[in-house]
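Overview (structure and organization)
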There are 2 protein chains.
Amino acid sequence: MTELLQKIHQLNIADISAPLGFHADGQHVGLKHKSKDLGWIYSETPATVAGVFTTNQVQAAPVQLNKATIKNGELQAIIVNSGNANAVTGHIGLEHAKIMQDTTAKVLNIDASLVGVASTGIIGQILPIDTVVAGIHQLNIDGDTNGFAHAIMTTDTQEKSITVQSTIDGHLVTMSGVAKGSGMIHPNMATMLGFVTTDASITSDLLQQALSDDVETSFNQITIDGDTSTNDMVLVMANGLAGNKTITTASEDYDHFKAMLHAVTTALAIDIASDGEGATKLLSVTVNNSDSELGARMVAKKVVGSSLVKTAMFGKDPNWGRIIAAIGASDVAINPDIIDIALNNIPVMSAGAPVDFNQDTMSESLAQKNIAITINLHNGAAHGQAWGSDLTYDYVKINALYTT
Amino acid sequence: MTELLQKIHQLNIADISAPLGFHADGQHVGLKHKSKDLGWIYSETPATVAGVFTTNQVQAAPVQLNKATIKNGELQAIIVNSGNANAVTGHIGLEHAKIMQDTTAKVLNIDASLVGVASTGIIGQILPIDTVVAGIHQLNIDGDTNGFAHAIMTTDTQEKSITVQSTIDGHLVTMSGVAKGSGMIHPNMATMLGFVTTDASITSDLLQQALSDDVETSFNQITIDGDTSTNDMVLVMANGLAGNKTITTASEDYDHFKAMLHAVTTALAIDIASDGEGATKLLSVTVNNSDSELGARMVAKKVVGSSLVKTAMFGKDPNWGRIIAAIGASDVAINPDIIDIALNNIPVMSAGAPVDFNQDTMSESLAQKNIAITINLHNGAAHGQAWGSDLTYDYVKINALYTT
């Protein structure tokens, strides 16, 4: 993977419509007070599609609709609104999602079965469907492509997007991604939307396989507050216009494609963690020498999700006792007596016992935006990572005052 | 249970030494800056004992020691310090716990195998054992019994204690409990200490059975921040001086005893939740009509542990979408389309759809200290409860600045 990642080039300017044949727009149509709130992605030709969806048992209308839509393996457009999640809205919610799909299809003159739908925002309020329908008619095929990344934002403080390129089968392949966080981000696709476009040619089965594998080490390894949402999804569209021989089986080209996807999804995941609600710090937890990759990921995620670790990091407090307590509270068998812990590469615990460190050096180090927590379980050779943010006054403020 | 609870009388003044033959003290000996930090409980005769301990894989020295100590089924004294958890302190930590046990035994002139040890406070710092040993020599048998409840406090803002009485087998039985929270409180005995004394006569096997059953619906149903600690335990001592016929098997007397224990542990658990770090509100979640009691408890706990629900309640925000999202994120199979939710008895969701409510009435109601969230799963006849607190600026403040 590392070798393949070196063959991938990140562009300075990210653009969801950068891959051949893709177009996008994002506008303000009146769902939110002032910000952009409706956008779409359109491909000139039908693309193979893959999707992963929230594991919450309460699933928003657009999630239910998309699960059915992508069964045919193709998608040509995605319509997304922010400001209203269209979740827990009963039968009328499903009708509204279908109206979004049908209206988009009609405006773009494509079949409704080729249109994906996504919503994000407050739960339990009926979508103002007339505003959405009028808005869809306002969107342009060649519109404000950067506006798309803005139109899907809720409490995000900045857009999250990336474009990468690499050469597969002698053809230049471009892949772009946009995502939104930023509260309620936990395991399995919590209020997180991610959209990836690429001009690579790959079957929908392999695309789904690649995405399903990838999210285990990217999006599913971020957590802001441990809550999972009703709306979240990642959709990938691959329209094949790059001209590479279609990737149909596990192969060097497939590995190369997966490396591109990983570069995109991991960058977006870290952007989301870094922009967690109220966050002042990005926490990156690396677990080394675990007896399994899954175990390493579980420990990393338990630590990065601990409220006590998160508040300590906000306070620039090297309270590593909370880190070992979080490790011990995970569902992974560990031996505390052999574990090492370092904060920004400064050892704080070695073989289960405290290590003296220079308080001034530590304070300076913890004042940085990026905090690396490194844990050595001394229990095997596997590795895992997770990302999150600190827990701050602003997290409380943002979430205490969301609907009112 | 309800009928039995009516036979139990709560005294106006709580006192851990109220049961016959019990004595206690709590003093300031120098582990903390000013507050009381060392205390003991002593019974004139050896008592049968039961204990439950943290499920964290990282277990503090006193936890490890007590698990061995109570295997003999008897205890006559418990020594407790605050200000230092004696956790993740390696081999020296175990020696220190043993020194606490031995010194207490010597001063009280009893066998060391009859002394329980507990510590609470910061993790990963070596216990100043000389201060503790000198402190144990300062304690009195008939000392400041109310001081014991204070000596075990960390960030608690108030003592937590209760005394109840009832008549079993024609004899007046007294039972008292004290506990401390208040951060890191989650499932399975997180930084929580609880001590219960009673003059009832009951075998240690049955006492253990009663306690193990009871914590599933009391202490294990409170959560402040989802973290579990290295130190927590509940110990119950029953010295038999009330004179009732020893409870040896499941019987009416045993049920009566269990009802007394439940009255004590539930009151302490709710006190802990109510005094969660930085809390302004007590959240009580009741789940009705579940297909199992365990399922009802799991759903209740998932809701009361959701950061988004907790911040919403702090903000007096009736954002019930977060409640149904938390229900859906639990590991219990539910059907969102048939669920009802009420906040302080005001319906907000019915059969999976929003219910209109008067905003002013709701705002007034959510301004109260006590918030009741009632969930009807319409899926069976079982019932469960959980308790917690809101998530506030002060929670962040307290935990960002704990060690420094």
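Shown above is the structure to which this text applies.
Residues numbered from 1 in each chain as written. Chains lettered and ligands numbered in written order. Predicted model: local features only at pLDDT ≥ 70, side-chain atom pairs only at ≥ 80, totals over all residues. Heavy atoms only, no water.

This part covers the relation of the copies chain B and chain A. You can overlay chain B on chain A at an RMSD of 0.0 Å; the transform is a turn of 180° with a shift of 0.0 Å along its axis. In the structure described here, the two chain copies are related by an operation that fits a two-fold rotation axis. Measuring from the rotation axis to each C-alpha of chain B, the shortest distance belongs to Tyr393 of chain B, at 2.6 Å. Of all interface residues in chain B, 98% are interface residues in chain A too; the two copies therefore contact each other through one and the same surface. (Least-squares fit on C-alpha atoms with pLDDT ≥ 70 in both. Contact = heavy atoms within 4.5 Å.)

All names here are of chain A. Structurally, the position occupied by Asp144 is in the loop between α4 (129–138) and α5 (145–151). By relative accessible area, Asp144 is classed as partly exposed at 33%. Once residues within four sequence positions are removed from consideration, Asp144 is found in contact with Ala24, Asp25, Gly26 and Lys36. (Helix = DSSP H or I, 4+ residues; strand = E, 2+ residues; numbered from the N terminus. Buried < 20%, exposed > 50% of the residue type's maximum accessible area, 1.4 Å probe, protein only.)

Quick look at the pattern of salt bridges now. For the coordinates displayed, the defined rule picks out eight salt bridges over all chains. The closest approach of N and O atoms between Asp144 of chain B and Lys36 of chain B, which form a salt bridge, is 3.3 Å. Taken together, the residues Asp144 of chain B in the loop between α4 (129–138) and α5 (145–151) and Lys36 of chain B in the loop between β2 (22–27) and β3 (38–53) connect sequence positions 108 residues apart. With relative accessibility at 28%, the residue Lys36 of chain B sits in the partly exposed group. Ionic pairing is found between Asp156 of chain B and Lys160 of chain B, a salt bridge with its closest N-O pair at 2.8 Å. Through salt bridges with shared partners, a single network forms among Asp156, Lys160 and Asp275 of chain A. (Salt bridge = Lys/Arg side-chain N within 4 Å of Asp/Glu carboxyl O.)

Bringing the pairing of strand β7 (residues 171–180) of chain A into the picture now. Residues and elements named next belong to chain A. Counting buried residues along β7, eight of its ten residues qualify, which places the element largely inside the surrounding structure. Two strands pair when backbone bridges link them, and strand β6 (residues 160–168) and β7 are joined in this way by nine bridges, in the antiparallel orientation. If you follow Gln165 over to β7, its bridge partner there is Thr174. The loop that links β6 with its antiparallel partner β7 comprises two residues; one of these, Asp169, has a positive phi angle of about 55°. The pairing of β7 with strand β8 (residues 193–198) spans six bridges and is antiparallel. (Pairing = 2+ DSSP bridges.)

Time to look at the interface of chain B and chain A. Where interface size is given, it is often the accessible area lost as the parts come together that is meant. Across the contact, 48 residues belong to chain B and 47 residues belong to chain A. Remark: the boundary between chain B and chain A carries zero salt bridges. There are ten residue pairs in polar contact (both at pLDDT 80 or more) connecting chain B and chain A. Residue assignment for the side of chain B that touches chain A shows that the elements contributing at least two residues are α9 (307–314), α10 (320–329) and α12 (393–400) of chain B. If you tally residues by element for the side of chain B that touches chain A, the top one is α10 of chain B, at eight residues. Partitioning the side of chain B that touches chain A into residue classes produces 25 nonpolar, 18 polar and five charged. (Polar contact = N/O pair within 3.5 Å; in protein donor to acceptor, adjacent residues only side chain to side chain. Nonpolar A, V, L, I, M, F, W, Y, C, P; charged D, E, K, R; others polar.)

Since there are 3.6 residues in each turn of an α-helix, residues three or four apart along the chain are aligned in direction. Residue and element names in this part refer to chain A. With 19 residues, helix α3 (residues 90–108) should reach 27 Å at 1.5 Å per residue; the first-to-last C-alpha distance of 28 Å fits that figure. Inspection of α3 places Gly93, His96, Ala97, Met100, Gln101, Thr103, Thr104, Ala105 and Leu108 among the buried residues, and these make up the whole buried set. On its buried face, α3 sits against β3 (38–53), α2 (61–69), β4 (74–82), β5 (115–120) and α4. Where α3 ends, the next residue or the one after it, Asn109, has phi of about 60°, a positive value. (Expected span 1.5 Å × (residues − 1).)

Time to look at the sheet that holds strand β13 (residues 346–350) of chain B. Residues and elements named next belong to chain B. One open sheet accounts for seven strands, arranged β9-β16-β11-β15-β12-β13-β14; its pairing is mixed. Here the strands that pair on one side only, and so sit at the sheet edges, are β9 (222–223) and β14 (353–354). Where strand β12 (residues 340–343) lies against β13, three bridges are found, and the strand directions are antiparallel. Pairing of Leu343 across the sheet is with Ile346, part of β13. Across the sheet, helix α8 (residues 293–304) lies against β9, β11 (282–290), β15 (370–376) and β16 (382–389), angled at about 25° from β16, the strand it touches most. (Axes fitted to C-alpha atoms, helices over the stretch in contact; angles between N-to-C directions.)

On to the sheet that holds strand β9 (residues 222–223) of chain A. Residue and element names in this part refer to chain A. As summarised here, the arrangement of the seven strands in space is β9-β16-β11-β15-β12-β13-β14, forming an open sheet in which the pairing is mixed. Of all strands in the sheet, those with a lone pairing partner are β9 and β14 (353–354), marking the two edges. In this sheet, strand β16 (residues 382–389) lies alongside β9 in parallel orientation, the contact comprising two bridges. Bridge pairing in β16 places Thr223 opposite Gly388. Contacting β9, β11 (282–290), β15 (370–376) and β16, helix α8 (residues 293–304) runs over the sheet at an angle of about 25° to β16.

All right, on to the nonpolar core then. When a protein is soluble and globular, its nonpolar side chains tend to lie buried together. Of all hydrophobic cores here, the largest spans 61 residues; its most connected members are Ile323, Ile327 and Ile375 of chain A together with Phe195 of chain B. Those residues in contact with Phe195 of chain B that sit more than four places away from it in its chain are Ile16, Ile41, Ile78, Val80, Ala118, Phe148, Ile152, Ser176, Gly177, Val178 and Leu235 of chain B. Counting 60 residues, the second-largest nonpolar core is a separate cluster that includes Val80 and Val88 of chain A together with Val285 and Ile341 of chain B. (Core = buried A, V, L, I, M, F, W, Y, C linked by side-chain atoms within 4.5 Å.)

Residues and elements named next belong to chain A. Taken as a whole and judged by the stated rule, the model has two aromatic pairs over all chains. Residues Phe148 and Phe195 carry aromatic rings whose centres are separated by 5.8 Å and whose planes lie at 70° to one another, so their mutual orientation is edge-to-face. Placement of the pair is Phe148 in helix α5 and Phe195 in strand β8, with a sequence separation of 47 residues. Overall, Phe195 belongs to the buried group, its relative accessible area being 0%. (Phe/Tyr/Trp six-rings, centres within 6.5 Å; stacked < 30°, edge-to-face > 60°.)

What follows deals with the packing of α8 of chain B against α10 of chain B. All names here are of chain B. In the contact formed by α8 and α10, the axes pass within 8 Å of each other and the chain directions differ by 130°. Here α10 runs oblique to α8, going by the angle between their axes. The crossing of α8 and α10 is right-handed. For the pair α8 and α10, contact is made by Val299, Lys302 and Val303 and by Ile323, Ala326, Ile327 and Ala329, respectively. Partitioned by chemical class, the residues of the contact of α8 with α10 number six nonpolar, no polar and one charged. (Parallel < 35°, antiparallel > 145°, perpendicular 65-115°, else oblique. Left-handed = near helix turned anticlockwise from the far one by under 90°.)

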